[in-house]
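Per-entry structural report
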Amino acid sequence: LLGFVDALSNWYVRRSRARFWASDDSDDKRAAFSTLYEVLVDLAKLAAPFVPFMTETLFQNLVHKDDPSTPVSVHLASFPEPDPARIDEELRKTVGRVRNVVTLGQRVRNENKLKVRQPLAEAIIVVADDDERRGIDRFASAIREELNVRALGFTQEPHKYVEFELVPNFRVLGPKLGKQVPACKKALADADGSALHTEMEANEKIVVQLPNGPVELTPSDVEVRLSARDDFAAASGSGQVVVLDTRVDDSLRREGMAREVINRIQRARKTMDLAYEARIEVKWNAEGELAEAVEEHAARIARETLASEFVRAAEASGEHDTEIDGKPLTLSIAAA
């Protein structure tokens, strides 16, 4: 249940915000809310034995309040029954891979201090075959948004971007190999790490020649370390590798500034306690590259902040003045 709630909140709801906030009453908006409603009702029933009072509140607000003919309590409602016809294991597996790609890409950003709002040129995903590529590519738009990259690439040749090194997992191999552990460490260090990694991924095992004879190693017997080539950064996990192009040109830097402007205006909306769908009027002023960035991305900033008016004004000033990368930004914001 905890894993499901995490996926519901941090993936489905967050990824569907634009659908929930759409101004029109479209079929897509209705579908988003209908799916969330069905999931929350079933979740309340599933979790009722464990968190009885919170789920009772959910059930009353979502179900019984609007339909008095339903059971008077979640604890009197029928427990949900699974419907095997609705299970799509391939889709579940693919989305699991996609979410892992996003997790790895975010780890790369954190470990290399790449700001979340700074766009990057490309993320490259190492895939085993064309089937895996096609499955992940179906969600390319979501991955690009989550990792804030302009392009998504795929490769079956990770050595172009990273170098692999396999080292013994001493906690596991100590009892298994005893005095042969140093020889195993040397054999792994002398071998082609990329070739060993490829073999491990394909066969779930590798064979290492030691003085006392060959030894078979499984993924739990070794640790995989990788180092990215110049201008790239990478992370691996759960059999996947994600590489980010870390080069930031002027265009990317200006887009990053524009995203920071959006963030500052959204913070101001929150401070003003505006409804999420409320329209605003924004006057701004800045100089140099920051002004270029705002003008270049003005339409996007206005769209994402729900600004019906977004204009540069020399007299703009107010309690929302801020700075971005050390450059002052003057903001006047009012409800439309």
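To start, this report covers the structure provided alongside it. What you see is a predicted model; the values in this text were computed from it and never measured.

In this section: a nonpolar patch on the surface. A surface patch of nonpolar side chains, about 600 Å² in accessible area, is lined by Leu1, Leu46, Phe50, Val51, Met54 and Phe79. For valine 51, the position within the fold is in the loop between helix H3 (27-47) and helix H4 (52-64).

The subject of this paragraph is the nonpolar core. Ranked by size, the top nonpolar core spans 22 residues in total, and within it Ile265 and Phe310 carry the most contacts. At the level of elements, helix H11 (250-271), strand S9 (280-285), helix H12 (288-296), helix H13 (298-305), strand S10 (307-312) and strand S12 (327-335) are the ones that each hand at least two residues to this core. The element that contributes the greatest number of residues to this core is H11, accounting for six residues. Beyond its immediate sequence surroundings of up to four residues, isoleucine 265 is in contact with Ile280, Val282, Ile301, Thr305, Phe310, Leu331 and Ile333. In terms of nonpolar packing, the next biggest core, distinct from the first, is built from 21 residues, Ala123, Ile125, Val149 and Leu152 among them.

What follows covers the sheet that holds strand S8 (residues 240-245). Across the sheet, four strands lie side by side as S2-S1-S8-S7; this open sheet has mixed pairing. Two strands close off the open sheet at either side, each with one partner strand: strand S2 (149-155) and strand S7 (232-237). Strand-to-strand twist in this sheet, taken as the mean axis angle between neighbours without regard to direction, amounts to 20 degrees. The sheet contact formed by strand S1 (residues 120-126) and S2 spans six bridges and is parallel. Within S2, the residue paired with isoleucine 125 across the bridge is phenylalanine 154. The strands that helix H6 (residues 130-137) touches are S1, S2 and S8; relative to S2, the one it contacts most, it runs at about 160 degrees.

It is worth spelling out the sheet that holds S10 at this point. The mixed open sheet is built from four strands, whose spatial order is S10-S9-S12-S11. Each edge of the open sheet is held by one strand with a lone partner, namely S10 and strand S11 (322-324). Taking each pair of neighbouring strands and ignoring which way they run, the sheet shows an average axis angle of 30 degrees. Of the pairings in the sheet, the one linking S9 to S10 comprises five bridges and is parallel in character. Considered in S10, the bridge of lysine 283 is made with valine 311. Here H13 sits on the sheet in contact with S9 and S10, set at roughly 145 degrees to S10.

Bringing the packing of aromatic side chains into the picture now. For the structure on display, the rule yields five aromatic pairs. Measuring from centroid to centroid gives 4.9 Å for phenylalanine 20 and phenylalanine 33, while their planes differ by 50 degrees, and the two rings are tilted. Residue phenylalanine 20 is located in helix H2 (residues 17-20), and its partner phenylalanine 33 is located in helix H3; the two are separated by 13 residues in the primary sequence. Taken together through their ring pairs, the aromatic side chains of Tyr12, Phe20 and Phe33 make up a single cluster.

Each pair of packed helices can be described by the angle between their axes along with the distance between the axes. At their nearest, the axes of H11 and H13 sit 10 Å apart, and the two run at 30 degrees to each other. Taken together, the axes of H11 and H13 lie roughly parallel to each other. Classified by chirality, the crossing of H13 by H11 is right-handed. Contacts between H11 and H13 involve Glu255, Ala258, Arg259, Val261, Ile262, Ile265, Gln266 and Arg269 from the former and Arg300, Ile301, Glu304 and Thr305 from the latter.

Turning to the environment of arginine 144, a few remarks are in order. Structurally, the position occupied by arginine 144 is in helix H7 (residues 140-147). What makes arginine 144 partly exposed here is its relative accessible area of 31%. For the pair formed by arginine 144 and alanine 47, sequence separation is 97 residues and the distance between their alpha carbons is 34 Å. In contact with arginine 144, not counting residues within four places along its chain, are Val149, Arg150, Ala151 and Leu152.

Tracing the backbone shows asparagine 148 in the loop between H7 and S2. Residue asparagine 148 is classed as buried on the basis of its relative accessible area, which comes to 4%. Measuring from C-alpha to C-alpha, the distance between asparagine 148 and phenylalanine 53 comes to 40 Å, with 95 residues separating the pair along the chain. Among all residues touching asparagine 148, those that are not within four sequence positions of it are Arg109, Val116, Arg117, Gln118, Pro119, Leu120 and Arg259. Here arginine 259 takes part through its side chain, which lies 3.1 Å from a polar atom of the side chain of asparagine 148.

A few words now on the pairing of S8. Regular strands show a simple pattern: their side chains alternate between the two faces of the sheet. Of all six residues that make up S8, six are buried, and the element is covered over most of its length. Residues Gln240, Val242 and Leu244 line one face of S8 and the alternating positions Val241, Val243 and Asp245 line the opposite face, and both faces are buried. Bridge analysis of S7 against S8 gives six bridges, and the strand direction is antiparallel. Bridge pairing in S8 links alanine 235 to valine 242. Taken together, S7 and the strand that follows it, S8, pair antiparallel across an intervening segment of two residues, in which serine 238 is found at a positive phi of about 55 degrees.

Here is what the cut-offs are and how they apply
- Residues numbered from 1 in each chain as written.
- Predicted model: local features only at pLDDT ≥ 70, side-chain atom pairs only at ≥ 80, totals over all residues.
- Heavy atoms only, no water.
- Patch = residues over 30% accessible without salt bridge, like charges linked within 9 Å, V, L, I, M, F, W, Y side chains within 5 Å.
- Areas by Shrake-Rupley, 256 points an atom, 1.4 Å probe, with all protein chains shown as cover.
- Salt bridge = Lys/Arg side-chain N within 4 Å of Asp/Glu carboxyl O.
- Helix = DSSP H or I, 4+ residues; strand = E, 2+ residues; numbered from the N terminus.
- Core = buried A, V, L, I, M, F, W, Y, C linked by side-chain atoms within 4.5 Å.
- Buried < 20%, exposed > 50% of the residue type's maximum accessible area, 1.4 Å probe, protein only.
- Contact = heavy atoms within 4.5 Å.
- Pairing = 2+ DSSP bridges.
- Axes fitted to C-alpha atoms, helices over the stretch in contact; angles between N-to-C directions.
- Phe/Tyr/Trp six-rings, centres within 6.5 Å; stacked < 30°, edge-to-face > 60°.
- Parallel < 35°, antiparallel > 145°, perpendicular 65-115°, else oblique.
- Left-handed = near helix turned anticlockwise from the far one by under 90°.
- Polar contact = N/O pair within 3.5 Å; in protein donor to acceptor, adjacent residues only side chain to side chain.

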